[in-house]
Amino acid sequence: MGEECACGVLCLFSRGFPPEPRSDALRGSLRTMLRASASYSAADLRHMKRCLDLASRGAGKVSPNPMVGCVIVRDGRVIAEGYHRRFGGAHAEMAAARSIAVGSLSGCTVYVNLEPCSHHGKTPPCAVMLARMRVRRVVCSLRDPNPCVNGRGIAILRRAGVRVDVGLLAREAAELNRRYLVWVRTGRPFVTLKAAVTLDGKTATATGVSRWVTSESARAHARRMRALHDAVIIGMNTANTDNPLLTVPGGRYGPMRVVVGSLQHVRPGLRLCSPDGPPTMIASPMISRTTLRRFSRGCGGAMVAVFRGKTVPPGRLLALLSDLGVSSVFVEGGGETAWHFVQAGLVDEILLYVAPKILGGSRAKTFVGGEGFRSLGCTLPLTITATQPIGRDVLIVARPVRRMDCATTAQAESTHVHRSH
Ligand SMILES: NC(=O)c1ccc[n+]([C@@H]2O[C@H](COP(=O)([O-])OP(=O)(O)OC[C@H]3O[C@@H](n4cnc5c(N)ncnc54)[C@H](OP(=O)(O)O)[C@@H]3O)[C@@H](O)[C@H]2O)c1
């Protein structure tokens, strides 16, 4: 899946990745544009908005690459458009350029929501192609922090005399490719925590029944969100109690599945162990060879990753997944599993589907379990970034505003996972 670039870093990407609740109000965009630079015109803004729309069509298909769209304009008229459609496919600039005659790029303005690449990956460098085609101007929203690019694409273009303007709709572009950006900047996958809860915060009855807390429309939405991630993570209790397949819309198999927990607790007949569908990994704390042998007979369809110690540190699990090319994970619970990620400070976004009902029960599970924080001065502070009614339920989207700065974090892992290659 990966390929070596000039800087010696294993590049699992070459371009592209997914969207969602996007703030596309023209007024907001206009404000951002004016802040970014006074030299952008209304036409610049329109073309870049179109780039973002085109880019979002690659959602769920281009990962671990970013989602990129491209619009080519000559004399104020759009002459070509393109976007990165699938991993390994043509980059947006190439997809747009090949729809027009060779030579017609000369003197054009090219709009693209991410810096054109500068390295030979699965396709030749787009910056070199644009420079050779003698484009006049390139407008891009963001510099690509991928160490194989990181300003080199812009430098190639400027050296060739092309005017390059960077920063138009930067906030919207960063939002669109937030999973890619976190993965590239930190070296670990973007982590989305998802749960379905009642209004009193319960995810299941005291006896562990959770089907179904929310309505079919909320569950369908959650399946669409699942499809935008590279891997789904669940805890051993959820795997054993619900025996899920973790499919995506249309009942299709979705991303890779990861079950965290002791191998000896895997129940017989776990559907995730079937050799059909995407790979399943059991991420287990240390186990004996005998357990491993017994497991291989009962759940041969899954791969096993064994971690030293009594628990699986989320940061180490994420580092392993990142090395397998996973740029985003969808942590679907239950509460014990969610706590490990919260405690480690390894959460980027929370999707909470809230059903207007009360379940009650002091022993009924909540969204985040574990030991919990011990004081109100020590919490995971969040900001709610969106709320959206879905059928009779409500989706709350929240993001951490800063890292926890209390005693608990002393045991927590670093959010920055260094990749070993
Ligand atoms: N409504 C919802 O959105 C929703 C979503 C998911 C689940 N649920 C419900 O929640 C209930 C299960 O939740 P739960 O909190 O009991 O359990 P859970 O989080 O599904 O599983 C907990 C178990 O997973 C393993 N585990 C998790 N993180 C680990 C780590 N970092 N290191 C090592 N082991 C780890 C441990 O298994 P070992 O003991 O084997 O080591 C632990 O006992 C079920 O009733 C399920 O139906 C509801």
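For the structure itself, consult the block above.
Residues numbered from 1 in each chain as written. Predicted model: local features only at pLDDT ≥ 70, side-chain atom pairs only at ≥ 80, totals over all residues. Heavy atoms only, no water.

(A) Seen up close, the sheet that holds strand 15 (residues 382-390). Across the sheet, nine strands lie side by side as 12-11-10-9-13-8-14-16-15; this open sheet has mixed pairing. Each edge of the open sheet carries a strand with a single partner, namely strand 12 (302-307) and strand 15. Averaged over all pairs of adjacent strands, the angle between strand axes in this sheet comes to 20°, irrespective of strand direction. Contacts between helix 8 (residues 216-227) and the sheet are confined to strand 8 (190-198), strand 9 (231-235), strand 13 (328-331), strand 14 (349-355), strand 15 and strand 16 (393-400), with strand 14 contributing the most and set at about 165° to the helix. (Pairing = 2+ DSSP bridges. Helix = DSSP H or I, 4+ residues; strand = E, 2+ residues; numbered from the N terminus. Axes fitted to C-alpha atoms, helices over the stretch in contact; angles between N-to-C directions. Contact = heavy atoms within 4.5 Å.)

(B) Here's a closer look at the layout of surface pockets. Approximately 410 Å³ is the volume found for the second largest pocket. What lines the second largest pocket is a set of 22 residues, and nearest its centre among them are Gly60, Ala227, His229, Asp230 and Pro255. Here the lining of the second largest pocket is composed, by residue class, of 13 nonpolar, five polar and four charged. Per-domain counts for the lining of the second largest pocket show at least three residues from each of domain 1 (3-177) and domain 2 (188-408). (1 Å grid on protein atoms, 1.4 Å probe; cavity = no way out; pocket = protein on both sides within 12 Å on 5 of 7 lines; lining within 4 Å. Points joined across faces, edges and corners; volume = space filled by probe spheres on them. Nonpolar A, V, L, I, M, F, W, Y, C, P; charged D, E, K, R; others polar. Domains from an automatic or database assignment.)

(C) Examining the packing of aromatic side chains more closely. As enumerated under the stated definition, the model contains one aromatic pair in all. A centroid spacing of 5.0 Å and a plane angle of 70° characterise the contact between Trp339 and Phe373, whose relative ring orientation is edge-to-face. On the criterion of sequence distance, the pair formed by Trp339 in helix 12 (residues 335-343) and Phe373 in the loop between strand 14 and strand 15 is long-range, its members being 34 residues apart. In this structure Trp339 comes out as buried when scored by relative accessible area, which is 4%. The exposure class of Phe373 is partly exposed, given its relative accessible area of 23%. Seen from the ring of Phe190, Arg179 lies directly overhead, with NZ or CZ sitting 5.8 Å from the centre. (Phe/Tyr/Trp six-rings, centres within 6.5 Å; stacked < 30°, edge-to-face > 60°. Buried < 20%, exposed > 50% of the residue type's maximum accessible area, 1.4 Å probe, protein only. Lys NZ or Arg CZ within 6 Å of the ring centre and 35° of its normal.)

(D) Main features of the site of the ligand. In the vicinity of the ligand lie 26 residues, with Ala196, Thr238, His265, Val312 and Thr337 positioned nearest. In this structure, an oxygen atom belonging to the ligand sits 2.9 Å away from a main-chain N or O atom of Gly208. Take His340: an N or O atom from its side chain is 3.3 Å from a nitrogen atom of the ligand. With the chains in place, 89% of the 910 Å² that the ligand exposes on its own is no longer accessible. Elements with a contribution of two residues or more to the shell around the ligand: strand 8, helix 9 (236-242) and helix 12. Residue classes in the shell around the ligand are distributed as seven nonpolar, 15 polar and four charged. (Near = heavy atom within 4 Å. Polar contact = N/O pair within 3.5 Å; in protein donor to acceptor, adjacent residues only side chain to side chain. Areas by Shrake-Rupley, 256 points an atom, 1.4 Å probe, with all protein chains shown as cover.)

(E) Structural view of a positive patch on the surface. Positive charge collects at one region of the surface, where Arg57, Lys61, Arg85, Arg86 and Arg98 lie side by side. For Arg85, the position within the fold is in the loop between strand 4 (77-83) and helix 3 (92-97). Arg85 sits in the exposed class, given a relative accessible area of 53%. (Patch = residues over 30% accessible without salt bridge, like charges linked within 9 Å, V, L, I, M, F, W, Y side chains within 5 Å. Salt bridge = Lys/Arg side-chain N within 4 Å of Asp/Glu carboxyl O. Lys, Arg positive; Asp, Glu negative; His and termini not counted. Charge placed at Lys NZ, Arg CZ, Asp CG, Glu CD.)

(F) Expanded view of the pattern of salt bridges. Tallied over the full model, the rule gives 14 salt bridges. Between Glu349 and Arg178 there is a salt bridge; the shortest N-O distance is 3.1 Å. With Glu349 in strand 14 and Arg178 in helix 7 (residues 178-186), this pair connects stretches of sequence that are 171 residues apart. On the basis of relative accessibility, which here comes to 1%, the residue Glu349 falls in the buried class. Where Asp348 meets Arg188, a salt bridge forms, and the shortest distance between an N and an O atom there is 2.7 Å. With Asp348 in the loop between helix 12 and strand 14 and Arg188 in the loop between helix 7 and strand 8, this residue pair connects regions lying 160 residues apart in the sequence. In the salt-bridge network here, residues are joined through shared partners; they are Asp44, Arg137, Arg163 and Asp165.

(G) Quick peek at helix 5 (residues 152-159). Within helix 5, the full set of buried residues consists of Gly153, Ile154, Ile156 and Leu157. All buried residues of helix 5 fall inside an arc of 160° around its axis, so they share one side. Residues of helix 5 that are buried in the fold lie against helix 4 (126-132), strand 6 (137-140) and strand 7 (163-166). Looking one or two places after helix 5, you find Gly161, whose phi comes out positive at around 85°. (Arc of directions from axis to C-beta.)

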